[in-house]
Amino acid sequence: MKRYSLYFVEEHELFRQSVRQFIDKEVIPHTEAWETNRRIPASVFQRLGELGYLGLPYPEEFGGVNADFWYSVVFLEELARCGMGGFSTAVSVHQYMAVNHIAKVGSYDLKQRYLAPAVAGHKVAALAITEPDAGSDVSAIRTTAIRTDTGDEFVVNGTKTFISNGTYGDFVTLAVRTNGPAAGSNGLSLLVVDLDSPGVTRTKLNKIGWHSSDTAEIRFDEVRVPAANLIGQENKGFYYLMESLQLERLVAAILSVSGAQLALDWTLQYLNEREAFGKKIGAFQAIRHKIADVATEIEMARQFVYHTCWLFTQGETVVKECSMAKLATSEMQKRVVDTCLQFFGGYGYIEDYPIARAYRDVRVGTIAGGSSEIMREIIAKIVIDAVAYKPVYNQG
Ligand SMILES: Cc1cc2nc3c(=O)[nH]c(=O)nc-3n(C[C@H](O)[C@H](O)[C@H](O)COP(=O)(O)OP(=O)(O)OC[C@H]3O[C@@H](n4cnc5c(N)ncnc54)[C@H](O)[C@@H]3O)c2cc1C
């Protein structure tokens, strides 16, 4: 079998072609409509499900494909090539962040009721951790879930904010406090909550970018949730979240590298079209050298992300590398898109040009899913204080 790199074989590349075709034919032509309407039709998730894309990492028993992680890498790289940060976010949050906990430590019943329909694209999922008064500091969340006297239900009260897929999604993996504030990070749990439950109020937020993804503030007033919707063990939620953040950050890094490459590809094409002073602007050395820098930055980032993906596939707890990958790639993509837009001149500032959308979309990359400051904090703790992280899921 022909090897395409250290990581990809021919099957991965064939798969890449099929995802690229799907993105070219069934996603990109709808860019304007989805960005303007600020939502993706539910039918698109169903189509993604039909094609098997939403089940790449999940077991066949629940409709998944059980493919190796490199298929997910290919899928995410191609997803980012749609040029809509919002679409890439909506799909990747659903697939790799919201249902991941259910797949890892959820009961068989939860997997049947939520993982299987999410894999099929029949239900859209969200992950709600952030609250109006607690973002970076996850252990400070205040949304409570109190067991009823009979013990068969939780009653949820609180507010979450900035929740991707929160407005139109069907269910949410919700981080809640099941033990008083004094318990800190030892008092958090994860619950699956249907978003059409009585007592749930959703308000759509107006963002500067990622327009095709919907982002919501969600209020929970006396929302009754079956105790069977608890994911894994009670009061272990913080540790589940911390472990899965590695995958979340790796996903963000893969999307960032591919998004930066797309911006470069658009720019290379433009350099070859646009003329000034009687020559193509790609002939000017000032621009050529900047492009060389950009291409180098992207390639360095790509190889580090691939290496981190490889470590991840070895089952290692790659907190340091995933944090470095998220930090380096989100900052890199911001620089790259800014530089690329410059070479479009005035057209770069006009909404008809996708680089303008990329400029709006890229800004949130260093904030969402763990800010650059938080990534630096984590890396500093490992590098300076020799803090070590252990796996959580497989501790039962
Ligand atoms: C478009 C969008 C989509 C999102 N999607 C989701 C989602 O689906 N689910 C979800 O749960 N959340 C989501 N988020 C929330 C996102 O993860 C948080 O915004 C992020 O974690 C930062 O939290 P915060 O906004 O409360 O900022 P804060 O925690 O209040 O931070 C404010 C500033 O202080 C800095 N700071 C905080 N602590 C430290 C420290 N110890 N050292 C140095 N600096 C520090 C931060 O880096 C930041 O610059 C989304 C956010 C956006 C904007």
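Residues numbered from 1 in each chain as written. Predicted model: local features only at pLDDT ≥ 70, side-chain atom pairs only at ≥ 80, totals over all residues. Heavy atoms only, no water.

Participant: Where do I start with the pattern of salt bridges in this structure?
Facilitator: Pairs can form between side chains of opposite charge once their charged atoms are near each other. Taken as a whole and judged by the stated rule, the model has 19 salt bridges. A salt bridge links K160 to E131, with the nearest nitrogen and oxygen atoms 2.9 Å apart. On the criterion of sequence distance, the pair formed by K160 in strand β3 (residues 153–164) and E131 in the loop between β1 (125–128) and β2 (144–147) is long-range, its members being 29 residues apart. Each member of the pair, K160 together with E131, is buried. Taking the shortest distance from any N to any O, the salt bridge between K280 and E275 comes out at 3.2 Å. For K280, a relative accessible area of 33% translates into the label partly exposed. Exposure remark for E275: the relative accessible area of 48% places this residue in the partly exposed category. (Salt bridge = Lys/Arg side-chain N within 4 Å of Asp/Glu carboxyl O. Helix = DSSP H or I, 4+ residues; strand = E, 2+ residues; numbered from the N terminus. Buried < 20%, exposed > 50% of the residue type's maximum accessible area, 1.4 Å probe, protein only.)

Participant: Help me out: how do you make sense of the UniProt feature "domain: Acyl-CoA dehydrogenase/oxidase C-terminal" (unreviewed entry) in the protein chain in this one?
Facilitator: UniProt marks residues 235–383 with the feature "domain: Acyl-CoA dehydrogenase/oxidase C-terminal" (unreviewed entry), using the numbering shown here. As a span, residues 235–383 carries 75% helix and 3% strand, and end to end its C-alpha atoms are 29 Å apart. (UniProt positions renumbered as here; feature names shortened; annotations may be inferred.)

Participant: Looking at this model, I keep getting lost on the side chain of N229. Mind explaining?
Facilitator: By secondary structure assignment, the location of N229 is in the loop between β7 (215–226) and β8 (230–231). One polar contact links N229 to R113, side chain to side chain, over a distance of 2.7 Å. Those residues in contact with N229 that sit more than four places away from it in its chain are L110, R113, Y114, L190, L191 and V192. (Polar contact = N/O pair within 3.5 Å; in protein donor to acceptor, adjacent residues only side chain to side chain. Contact = heavy atoms within 4.5 Å.)

Participant: So what exactly am I meant to see when it comes to the packing of aromatic side chains here?
Facilitator: Two numbers describe a pair of aromatic rings. These are the distance of the centres and the angle of the planes. All told, the structure shown has 18 aromatic pairs when counted by the stated rule. With 5.0 Å between their ring centres and 50° between their planes, F69 and F312 make a pair best called tilted. Highlighted residues: F69 in helix α4 (residues 69–80) and F312 in helix α9 (residues 285–313), separated in sequence by 243 residues. The class for F69 is buried, based on a relative accessible area of 14%. Relative to Y353, the ring of Y270 has its centre 6.5 Å away and its plane inclined at 85°; by these criteria the two rings are edge-to-face. (Phe/Tyr/Trp six-rings, centres within 6.5 Å; stacked < 30°, edge-to-face > 60°.)

Participant: Is there a simple way to explain the domain arrangement of the protein chain in this structure?
Facilitator: When the domains of the protein chain are assigned, the result is domain 1 (10–123), domain 2 (126–235) and domain 3 (238–395). Taken together, the contacts link 29 residues of domain 1 with 24 residues of domain 2. Roughly 2100 Å² of surface becomes buried between domain 1 and domain 2 when both sides are summed, with 60% attributable to carbon and sulfur atoms. The tally of links from domain 1 across to domain 2 stands at 10 residue pairs in polar contact (both at pLDDT 80 or more). Those elements that place two or more of their residues in the side of domain 1 that touches domain 2 are α2 (31–37), α5 (85–98), α6 (100–105) and α7 (108–120). For the side of domain 1 that touches domain 2, the element with the highest residue contribution is α5, accounting for 9 residues. (Domains from an automatic or database assignment. Buried area = accessible area lost by both parts, 1.4 Å probe.)

Participant: Could you clarify how one ought to interpret the packing of helix α10 (residues 319–343) against helix α12 (residues 372–383) in this entry?
Facilitator: Two quantities define a packed helix pair, namely the angle between the axes and the distance from one axis to the other. Where α10 contacts α12, the two axes come as close as 9 Å, and the packing angle between them is 145°. The handedness of the crossing between α10 and α12 comes out as left-handed. Across the interface between the two elements, V319, K320, S323, M324, K326, L327, S330 and E331 from α10 touch S372, M375, R376, I378, I379, I382 and V383 from α12. Tallied by class, the residues present in the contact of α10 with α12 amount to 8 nonpolar, 3 polar and 4 charged. (Axes fitted to C-alpha atoms, helices over the stretch in contact; angles between N-to-C directions. Left-handed = near helix turned anticlockwise from the far one by under 90°. Nonpolar A, V, L, I, M, F, W, Y, C, P; charged D, E, K, R; others polar.)

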